[in-house]
Amino acid sequence: MIGAWGVLYGAALAVGIPAFPGDLAWWLPAAAAVSAPGLASAWLTSRRTAPRAAW
């Protein structure tokens, strides 16, 4: 997960800083894409470790 995040973060910065400085149309979708691996990993972990209802 951290490897995927690092690659996405690096790519977002490498492209965004020179090409889209201060452009929210780039940075907001890039932030969503960079956060996706962490959110997916947390969701999967919570599904595997959450206690099941006893009813």
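Position labels on residues start from 1 in each chain and follow its written sequence. Under the rules for a predicted model, residues below a pLDDT of 70 receive no local features and side-chain atom pairs below 80 are neither given nor counted, while totals for whole chains, interfaces and linings still include all residues. Based on all heavy atoms of the structure, the side-chain values leave hydrogens and waters out of the count.

*Asks:* Could you give an account of a nonpolar patch on the surface, naming the residues involved and the relevant values?
*Replies:* Patches here: salt-bridge-free residues with over 30% relative accessible area, like charges joined within 9 Å, nonpolar side chains (Val, Leu, Ile, Met, Phe, Trp, Tyr) joined within 5 Å. Computed with a 1.4 Å probe, the accessible areas rest on the Shrake-Rupley method; for each residue, only the protein chains presented here act as cover. Salt-bridge detection follows one rule: a side-chain nitrogen of Lys or Arg within 4 Å of a carboxyl oxygen of Asp or Glu. A cluster of nonpolar side chains, contributed by Met 1, Ile 2, Trp 5 and Tyr 9, occupies part of the molecular surface with about 440 Å² of accessible area. Tracing the chain through its elements places Trp 5 in helix H1 (residues 2-19). Relative accessibility under 20% of the residue-type maximum defines a buried residue, over 50% an exposed one, and the middle range a partly exposed one, all with a 1.4 Å probe and only protein chains included. Trp 5 sits in the partly exposed class, given a relative accessible area of 35%. Helix and strand definitions here come from DSSP, where helices need a minimum of 4 consecutive H or I residues and strands a minimum of 2 consecutive E residues; each element is numbered from the N-terminal end.

*Asks:* Before we move on, could you go through the packing of H1 against helix H2 (residues 24-49) and cite the residues and values that matter?
*Replies:* The angle between two axes is taken between their N-to-C directions and runs from 0 to 180 degrees, where each axis is a line fitted to C-alpha atoms and a helix contributes only its stretch in contact. In contact at an axis separation of 8 Å, H1 and H2 are set at 170° when each is read in the N-to-C sense. Taken together, H1 and H2 sit at an angle that is classed as roughly antiparallel. Of the two elements, H1 crosses H2, and the hand of that crossing is right-handed. Touching Ala 4, Trp 5, Leu 8, Tyr 9, Ala 12, Leu 13, Val 15, Gly 16 and Ile 17 of H1 are Trp 26, Trp 27, Ala 30, Ala 33, Val 34 and Pro 37, all from H2. Gly is placed with the polar residues, together with every amino acid not listed as nonpolar (Ala, Val, Leu, Ile, Met, Phe, Trp, Tyr, Cys and Pro) or charged (Asp, Glu, Lys and Arg). A class-by-class count of the residues in the contact of H1 with H2 yields 14 nonpolar, one polar and no charged. Roughly parallel means an angle under 35 degrees; roughly antiparallel, over 145; roughly perpendicular, 65 to 115; everything else is oblique. Two helices crossing with the near one rotated counterclockwise from the far one by less than a right angle form a left-handed crossing, whereas a clockwise rotation gives a right-handed crossing. Should any heavy atoms of two residues lie within 4.5 Å, those residues are considered in contact.

*Asks:* Would you mind going over the packing of aromatic side chains in detail, with residue names and values included?
*Replies:* Aromatic pairs are defined between Phe, Tyr and Trp rings, using the six-membered ring for Trp, whenever the two ring centres lie within 6.5 Å; interplanar angles under 30 degrees are classed as stacked, those over 60 as edge-to-face, and all others as tilted. Under the defined criterion, the tally for this structure stands at three aromatic pairs. Summarising the aromatic geometry, the rings of Trp 5 and Tyr 9 are spaced 4.9 Å apart at their centres and angled 10° between planes, so their arrangement reads as stacked. With Trp 5 and Tyr 9 both in helix H1 and four residues apart, this pair spans about one turn of that helix. Overall, the relative accessible area of 40% leaves Tyr 9 in the partly exposed class. Between Phe 20 and Trp 26 the ring centres are 4.8 Å apart and the planes differ by 15°, which places this aromatic pair in the stacked class. Given a relative accessible area of 30%, Phe 20 falls into the partly exposed group.

*Asks:* With reference to specific residues and values, describe H2.
*Replies:* Residues three or four positions apart in an α-helix share a direction because the helix packs 3.6 residues into each turn. Along its 26 residues, H2 runs 37 Å from first to last C-alpha, staying within 8% of the 38 Å computed at 1.5 Å per residue. At every residue, the bend is computed as the angle between two fitted axes, covering the seven residues ending there and the seven beginning there respectively. Its maximal kink placed at Ala 36, H2 deviates by approximately 40°, while the proline Pro 37 follows within four residues. Three or more residues of H2 are buried, namely Ala 30, Val 34 and Pro 37. By the N-cap criterion, in which a side-chain oxygen at the helix start approaches the backbone nitrogen of a residue two or three places on, H2 is capped by Asp 23, the distance to Ala 25 being 3.1 Å. Working rule for helices: expected span equals 1.5 Å times residues minus one. Polar contact criterion, stated in full: a pair of N or O atoms within 3.5 Å, where within protein one must be able to donate a hydrogen and the other to accept it, and residues adjacent in sequence count only if both atoms are side-chain atoms.

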